[in-house]
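# Structural overview
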Amino acid sequence: MACIVLLVWMLGNTRQDPYTKATLVLEGSEQHGGQIFRINCAGCHGIAGQGLVGPSLKGVSDRRKNMQIIHQIVSGETPPMPRFEIEPQNMADLLAYLKTLS
Ligand code: HEC
(Lines give C-alpha, C1' and ligand atoms only; values in the text may rest on other atoms or scores of the structure.)
Protein backbone atom coordinates (compact mmCIF):
# COMPACT_ATOMS: atom_id res chain seq x y z
CA MET A 1 0.00 0.00 0.00
CA ALA A 2 2.75 2.44 0.94
CA CYS A 3 4.44 1.64 -2.37
CA ILE A 4 1.35 2.50 -4.34
CA VAL A 5 0.90 5.78 -2.50
CA LEU A 6 4.52 6.64 -3.14
CA LEU A 7 4.22 5.76 -6.82
CA VAL A 8 1.12 7.89 -7.31
CA TRP A 9 2.80 10.75 -5.49
CA MET A 10 5.90 10.48 -7.68
CA LEU A 11 3.90 10.39 -10.89
CA GLY A 12 1.86 13.40 -9.84
CA ASN A 13 5.00 15.24 -8.93
CA THR A 14 6.85 14.70 -12.17
CA ARG A 15 3.93 15.30 -14.50
CA GLN A 16 4.66 18.47 -16.40
CA ASP A 17 2.24 20.85 -17.98
CA PRO A 18 2.94 21.95 -21.59
CA TYR A 19 4.29 25.32 -20.50
CA THR A 20 6.84 23.77 -18.14
CA LYS A 21 7.81 21.23 -20.76
CA ALA A 22 8.29 23.92 -23.40
CA THR A 23 10.43 25.92 -20.99
CA LEU A 24 12.68 23.13 -19.80
CA VAL A 25 13.89 22.15 -23.28
CA LEU A 26 15.12 25.68 -23.97
CA GLU A 27 18.61 26.97 -23.35
CA GLY A 28 18.50 30.10 -21.19
CA SER A 29 20.56 33.26 -21.43
CA GLU A 30 21.83 34.37 -18.01
CA GLN A 31 22.34 37.88 -19.21
CA HIS A 32 18.81 38.37 -20.51
CA GLY A 33 17.47 36.54 -17.45
CA GLY A 34 19.25 39.10 -15.29
CA GLN A 35 17.48 41.92 -17.10
CA ILE A 36 14.10 40.26 -16.62
CA PHE A 37 14.92 39.69 -12.96
CA ARG A 38 15.88 43.31 -12.32
CA ILE A 39 12.68 44.56 -13.93
CA ASN A 40 10.19 42.09 -12.43
CA CYS A 41 11.65 40.53 -9.34
CA ALA A 42 14.36 42.74 -7.83
CA GLY A 43 11.81 45.05 -6.17
CA CYS A 44 10.92 42.23 -3.78
CA HIS A 45 13.89 39.89 -3.91
CA GLY A 46 16.66 42.49 -4.01
CA ILE A 47 18.80 43.69 -6.88
CA ALA A 48 21.11 40.67 -6.54
CA GLY A 49 18.47 38.27 -5.19
CA GLN A 50 19.71 38.82 -1.64
CA GLY A 51 16.18 39.15 -0.26
CA LEU A 52 14.06 42.18 0.69
CA VAL A 53 10.26 41.84 0.98
CA GLY A 54 10.60 38.38 -0.52
CA PRO A 55 13.11 35.79 0.64
CA SER A 56 16.69 35.58 -0.57
CA LEU A 57 16.97 33.56 -3.77
CA LYS A 58 20.60 32.65 -3.26
CA GLY A 59 21.04 28.97 -3.94
CA VAL A 60 17.37 28.59 -4.85
CA SER A 61 18.26 26.37 -7.83
CA ASP A 62 19.87 23.91 -5.42
CA ARG A 63 16.92 23.92 -3.05
CA ARG A 64 14.17 23.66 -5.64
CA LYS A 65 13.69 21.87 -8.92
CA ASN A 66 13.23 24.06 -11.98
CA MET A 67 9.64 22.92 -12.31
CA GLN A 68 8.93 24.02 -8.74
CA ILE A 69 10.49 27.40 -9.40
CA ILE A 70 8.40 27.79 -12.55
CA HIS A 71 5.29 26.91 -10.58
CA GLN A 72 6.19 29.49 -7.95
CA ILE A 73 6.54 32.18 -10.61
CA VAL A 74 3.42 31.47 -12.67
CA SER A 75 0.96 30.26 -10.04
CA GLY A 76 0.49 33.28 -7.77
CA GLU A 77 -0.24 30.89 -4.90
CA THR A 78 1.87 32.74 -2.35
CA PRO A 79 0.83 36.37 -2.14
CA PRO A 80 2.17 39.03 -2.13
CA MET A 81 4.21 37.50 -4.94
CA PRO A 82 2.07 38.03 -8.05
CA ARG A 83 1.62 35.51 -10.82
CA PHE A 84 3.72 36.26 -13.86
CA GLU A 85 2.97 35.46 -17.46
CA ILE A 86 6.33 34.93 -19.07
CA GLU A 87 7.14 33.47 -22.48
CA PRO A 88 8.90 30.10 -22.21
CA GLN A 89 12.14 31.55 -23.61
CA ASN A 90 12.14 34.38 -21.08
CA MET A 91 11.38 31.88 -18.31
CA ALA A 92 14.33 29.75 -19.42
CA ASP A 93 16.51 32.87 -19.32
CA LEU A 94 15.24 33.66 -15.84
CA LEU A 95 16.02 30.13 -14.63
CA ALA A 96 19.52 30.42 -16.07
CA TYR A 97 19.99 33.65 -14.14
CA LEU A 98 18.63 32.21 -10.88
CA LYS A 99 21.19 29.43 -11.19
CA THR A 100 23.96 32.01 -10.96
CA LEU A 101 22.73 33.25 -7.57
CA SER A 102 24.72 31.44 -4.99
C1 HEC B 1 5.52 41.62 -4.65
C2 HEC B 1 6.75 41.00 -4.24
C3 HEC B 1 7.36 39.88 -5.09
C4 HEC B 1 7.71 39.93 -6.43
C5 HEC B 1 7.52 41.08 -7.43
C6 HEC B 1 8.32 38.66 -6.73
N7 HEC B 1 8.35 37.87 -5.60
FE8 HEC B 1 9.10 35.98 -5.48
N9 HEC B 1 8.43 35.85 -3.56
C10 HEC B 1 7.85 36.87 -2.84
C11 HEC B 1 7.50 36.37 -1.52
C12 HEC B 1 6.82 37.17 -0.41
C13 HEC B 1 7.88 35.01 -1.49
C14 HEC B 1 7.69 34.00 -0.35
C15 HEC B 1 6.38 33.30 -0.62
C16 HEC B 1 6.05 32.26 0.42
O17 HEC B 1 6.63 31.18 0.36
O18 HEC B 1 5.21 32.55 1.26
C19 HEC B 1 8.49 34.71 -2.79
C20 HEC B 1 9.03 33.48 -3.13
C21 HEC B 1 9.73 33.23 -4.30
C22 HEC B 1 10.40 31.99 -4.60
C23 HEC B 1 10.50 30.76 -3.72
C24 HEC B 1 11.74 30.89 -2.89
C25 HEC B 1 12.05 29.66 -2.12
O26 HEC B 1 13.04 29.67 -1.37
O27 HEC B 1 11.33 28.68 -2.25
C28 HEC B 1 10.96 32.14 -5.84
C29 HEC B 1 11.79 31.12 -6.61
C30 HEC B 1 10.62 33.47 -6.30
N31 HEC B 1 9.87 34.10 -5.33
C32 HEC B 1 11.02 33.99 -7.51
C33 HEC B 1 10.57 35.20 -8.02
C34 HEC B 1 10.86 35.66 -9.36
C35 HEC B 1 11.73 34.94 -10.36
C36 HEC B 1 10.23 36.85 -9.50
C37 HEC B 1 10.16 37.72 -10.75
C38 HEC B 1 9.65 37.09 -11.95
C39 HEC B 1 9.56 37.16 -8.23
N40 HEC B 1 9.79 36.12 -7.37
C41 HEC B 1 8.84 38.31 -7.97
C42 HEC B 1 7.63 38.16 -3.29
C43 HEC B 1 7.77 38.59 -4.59
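Everything here concerns the structure above.
Attention here is on the structure that accompanies the text. It should be emphasised that the depicted structure is a prediction, and the values quoted were computed from it without experimental measurement.

The iron atom of the ligand binds to the protein through His 45 (NE2) and Met 81 (SD); the donor distances cover 1.9 to 2.1 Å. Between the six donor atoms coordinating the iron atom of the ligand, the angles at the centre fall across 86 to 179°, so the site counts as octahedral. With His 45 in helix α4 (residues 42-45) and Met 81 in the loop between α6 (66-75) and α7 (88-99), this residue pair connects regions lying 36 residues apart in the sequence. Met 81 gets classed as partly exposed once you look at its relative accessible area, which sits at 21%.

Time to look at the packing of aromatic side chains. All told, the structure shown has one aromatic pair when counted by the stated rule. With a centroid separation of 5.2 Å and an interplanar angle of 40°, the aromatic rings of Phe 37 and Tyr 97 are classed as tilted. One end of the pair, Phe 37, is in helix α3 (residues 30-40); the other, Tyr 97, is in helix α7, with 60 residues separating them in the sequence. The same class applies to Phe 37 as to Tyr 97, namely buried.

As a structural note, the neighbourhood of the ligand is formed by 19 residues, with Cys 41, Cys 44, His 45, Arg 64 and Met 81 the closest of them. Between Arg 63 and the ligand, the recorded distance is 2.9 Å, taken from a side-chain N or O atom to an oxygen atom. Between the ligand and the protein, one listed contact pairs an oxygen atom with a side-chain N or O atom of Arg 64 at 2.5 Å. Contributing elements (two or more residues each) for the shell around the ligand: α4, α5 (60-63) and α6. Considering every element that reaches the shell around the ligand, the biggest residue donor is α6, with three residues.

What counts and what doesn't
- Residues numbered from 1 in each chain as written.
- Predicted model: local features only at pLDDT ≥ 70, side-chain atom pairs only at ≥ 80, totals over all residues.
- Heavy atoms only, no water.
- Donors = N, O, S within 2.8 Å, 3.2 Å for Na, K, Ca; no water.
- Tetrahedral: all angles 85-135°; square planar, octahedral: opposite > 155°, others 65-115°.
- Helix = DSSP H or I, 4+ residues; strand = E, 2+ residues; numbered from the N terminus.
- Buried < 20%, exposed > 50% of the residue type's maximum accessible area, 1.4 Å probe, protein only.
- Phe/Tyr/Trp six-rings, centres within 6.5 Å; stacked < 30°, edge-to-face > 60°.
- Near = heavy atom within 4 Å.
- Polar contact = N/O pair within 3.5 Å; in protein donor to acceptor, adjacent residues only side chain to side chain.

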